[in-house]
Amino acid sequence: MASEHLDVLIVGAGLSGIGAACHLQRECPGKTYAILEARKAIGGTWDLFRYPGVRSDSDMFTLGYRFRPWTEARAIADGSSIRSYVRDTAREHGVEAKVRYGHRVITASWSSDDATWTVSAVRTDTDEAVSLTCSFLFVCSGYYRYDQGYTPTFDGMSEFEGRVVHPQHWPDDLDYSGKRVVVIGSGATAVTLVPSMAGTAAHVTMLQRTPSYVLSLPADDPVAWLAGRVLPTSAAYWVVRWKNVLATLLLFQLSRRRPESVKRMIRRGVERQLPAGFDVDTHFSPPYSPWDQRMCFVPDGDLFRAVRSGSASVVTGTIDRFTRGGIRLTSGEELEADVVVTATGLNLLAIGGMSLSVDGSPVELSKTLAYKGMMLSGVPNFALALGYTNASWTLKCDLVSEYVCRLLNHMDAHGYQQVTPTAPELPMETQPLIDLKSGYVLRSVGLLPRQGPHPPWRLHQNYPRDLRILRRGSVDDSGVQFCRVSSKAVV
Ligand SMILES: Cc1cc2nc3c(=O)[nH]c(=O)nc-3n(C[C@H](O)[C@H](O)[C@H](O)COP(=O)(O)OP(=O)(O)OC[C@H]3O[C@@H](n4cnc5c(N)ncnc54)[C@H](O)[C@@H]3O)c2cc1C
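Residues numbered from 1 in each chain as written. Predicted model: local features only at pLDDT ≥ 70, side-chain atom pairs only at ≥ 80, totals over all residues. Heavy atoms only, no water.

Q: For this particular structure, what's the right way to read unusual backbone geometry?
A: The phi angle of most residues is negative, glycine excepted, and most peptide bonds adopt the trans form. For the bond running from P455 to P456, omega is 0°, close enough to zero to count as cis. Structurally, the position occupied by P456 is in the loop between β24 (450–451) and α13 (463–472). With phi around 65°, D127 is a residue other than glycine that occupies positive phi space. Mapped onto the elements, D127 comes out in the loop between β5 (116–123) and β6 (129–139). In the Ramachandran plot, D359 falls in the positive-phi region, its phi being about 50° despite a non-glycine side chain. (Helix = DSSP H or I, 4+ residues; strand = E, 2+ residues; numbered from the N terminus.)

Put into structure tokens, the structure is as follows:
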């Protein structure tokens, strides 16, 4: 039986999948497409995470799409505002109707004979298998497992008489008012949860093994407020975006080139916001350099305010075991708890757990090289929306979507049906695709594609540079081969 054929199949209806569909509709209006989404809702991350205070930690002027201004002065937005922003974008651009919910993509097999992907999915409600074909596969599946967050195993966990929750699966019925809460972790989720729970809980302790760099940012952007008053909406958006792109880039570059100066600057900021005599060295001075791991940003210093007020505290130490009443540290200290939140991170997952094959041979992701940070060597007609780790995700995903549209239009104009990134024959020194040293990256980096030392095989965590390469650079360079199906001759 002939299955349905689409020009483009997008996997995932999160921030990047919805953005990809909007670009496709605007820039390649003749293409047929659909979005297969495993869940029952649009929004991805911003629909999944429901813990108290869930919010962005990068500013919305750069986390928002280039084509749809974020019009609030609030730079750091809560999860539900971001969810509404993604859904409203989908609705306004008419892509909502293209989403097929409850379809988890399992495999995709490329056939060079007919330049077609055969994609197998399963319906999550009925387990029914669904198969369709497409000419181009655009994977916008995010970067982590949805079914399970990362929780290390601690001795004695089963003896603990309180409740243990993971932020990725926040229970609706959790009442923590008047309770003693311990949040394990020091990343973005922990620093968000602590001040959000502090007003309601009896006390919140942030228990960390290793501190993170924590910077306070204004929740409301004064430049956005002013620009919104004196400039038309799109001009104001442009100004604030670029201000934030450059400020973020400056901080990242300074961190890499002058780590000691940045350490001192961050430390002064932390000291100013904590009571005299607070042990900054133990609790807020990481043993690594700024941006070796993601930094944490806290709006208007809310974490420090909670610590100042006494409703929250920070403990740095190693867990020995859970006890019936809480957690014992290797130092012998005991933290009493009614609720323990394991803000211990995510499990990385590349391409939504899909298996790929090309002409019958399975694709081993760790043996592929990322081309321009968005396609894979040896994998035809395939793109991947992977955002920045040192700046807002959407800045990069917008560029990737624009590039895919230019590529598709280029192929149509020249009558090509297949485009394949092809790594040079010469041996090349490769490195992991993500160069952060965070635990969640180190745990899985060996399963991800790699990057080479030079463009177009190098992943730039740099928006202005990517802008030149992805928006303005040629789509036909020495890193890709185009061909027509009938002849297969490289042109
Ligand atoms: C709590 C939290 C806060 C964050 N804050 C920021 C921030 O402030 N700034 C920033 O830049 N980044 C942030 N991030 C990173 C964030 O994930 C991205 O900003 C962005 O939301 C990712 O969008 P996405 O659409 O690429 O992926 P996701 O949001 O992960 O969406 C992927 C979608 O694909 C679907 N999917 C996955 N696999 C399959 C499959 N096999 N078949 C079908 N569907 C599939 C999923 O169900 C999901 O709906 C944060 C992440 C977390 C977890």
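Continuing now.
Q: How should the sheet that holds strand β8 (residues 180–184) be read in this particular structure?
A: Where strands meet in a sheet, backbone hydrogen bonds hold them as pairs that are either parallel or antiparallel. Pairing in this open sheet of 5 strands is parallel, and the strands run β7-β16-β8-β9-β12 from one edge to the other. At either margin of the open sheet sits one strand with a lone partner, and together these are β7 (163–165) and β12 (312–316). This sheet shows a mean twist of 20° between the axes of neighbouring strands, independent of strand direction. Where strand β9 (residues 203–208) lies against β12, 5 bridges are found, and the strand directions are parallel. Across the sheet, residue L207 finds its bridge partner in β12, namely V315. (Pairing = 2+ DSSP bridges. Axes fitted to C-alpha atoms, helices over the stretch in contact; angles between N-to-C directions.)

Q: Help me understand empty space enclosed by the protein in this model?
A: Rolled over the atoms, a probe as big as a water molecule pinpoints where empty space is left. Tallied over the entire structure, the rule returns 3 cavities of 30 Å³ or more. Volume-wise, the largest cavity comes out at about 130 Å³. Considered class by class, the residues forming the lining of the largest cavity number 11 nonpolar, 1 polar and no charged. (1 Å grid on protein atoms, 1.4 Å probe; cavity = no way out; pocket = protein on both sides within 12 Å on 5 of 7 lines; lining within 4 Å. Points joined across faces, edges and corners; volume = space filled by probe spheres on them. Nonpolar A, V, L, I, M, F, W, Y, C, P; charged D, E, K, R; others polar.)

Q: Looking at this structure, I do not really get the site of the ligand. What am I missing?
A: S16, E37, D57, S58 and Y146 are the nearest of the 31 residues found near the ligand. In this structure, an oxygen atom belonging to the ligand sits 2.6 Å away from a side-chain N or O atom of E37. Contact between the ligand and W393: an oxygen atom at 2.8 Å from a main-chain N or O atom of the residue. Elements supplying a minimum of two residues to the shell around the ligand: α1 (15–27), α2 (45–48) and β4 (103–111). In terms of residue count, the dominant contributor to the shell around the ligand is β4 (3 residues). (Near = heavy atom within 4 Å. Polar contact = N/O pair within 3.5 Å; in protein donor to acceptor, adjacent residues only side chain to side chain.)

Q: Help me out: how do you make sense of a nonpolar patch on the surface in this one?
A: There is a patch of nonpolar side chains on the surface, built from V223, W225, L226, V230, L231, W238 and V239 and spanning about 670 Å² of accessible area. Of all the elements, helix α6 (residues 222–230) adds the most residues to the nonpolar patch, at 4 residues. Structurally, V239 can be placed in helix α7 (residues 233–257). (Patch = residues over 30% accessible without salt bridge, like charges linked within 9 Å, V, L, I, M, F, W, Y side chains within 5 Å. Areas by Shrake-Rupley, 256 points an atom, 1.4 Å probe, with all protein chains shown as cover. Salt bridge = Lys/Arg side-chain N within 4 Å of Asp/Glu carboxyl O.)

Q: Explain helix α4 (residues 79–92) to me, please; I cannot follow it from the model alone.
A: Side chains of residues three or four places apart in an α-helix project in the same direction, reflecting 3.6 residues per turn. Look at α4: 20 Å from first C-alpha to last across 14 residues, which is about the 20 Å you get at 1.5 Å a residue. Taken together, the buried positions of α4 are occupied by G79, I82, R83, Y85, V86, T89 and A90. Buried residues of α4 fall within an arc of 160° about the axis and therefore sit on the same side. Taken together, the buried residues of α4 touch α1, α2, α3 (60–63) and α7. Downstream of α4 by a residue or two, G94 has a phi angle that is positive, lying close to 70°. (Expected span 1.5 Å × (residues − 1). Buried < 20%, exposed > 50% of the residue type's maximum accessible area, 1.4 Å probe, protein only. Arc of directions from axis to C-beta. Contact = heavy atoms within 4.5 Å.)

Q: Can you walk me through the packing of α1 against helix α11 (residues 393–414) in this structure?
A: How two helices sit against one another is set out by the angle between their axes and by the gap between those axes. Two elements in contact, α1 and α11, have axes separated by 9 Å at closest approach and are oriented at 35°. Read as a crossing pair, α1 and α11 show a hand that is right-handed. Across the interface between the two elements, L15, S16, G19, A20, H23, L24 and E27 from α1 touch W393, T394, C397, D398, S401, E402, C405, L408 and N409 from α11. Taken together, the residues of the contact of α1 with α11 sort by class into 7 nonpolar, 6 polar and 3 charged. (Left-handed = near helix turned anticlockwise from the far one by under 90°.)

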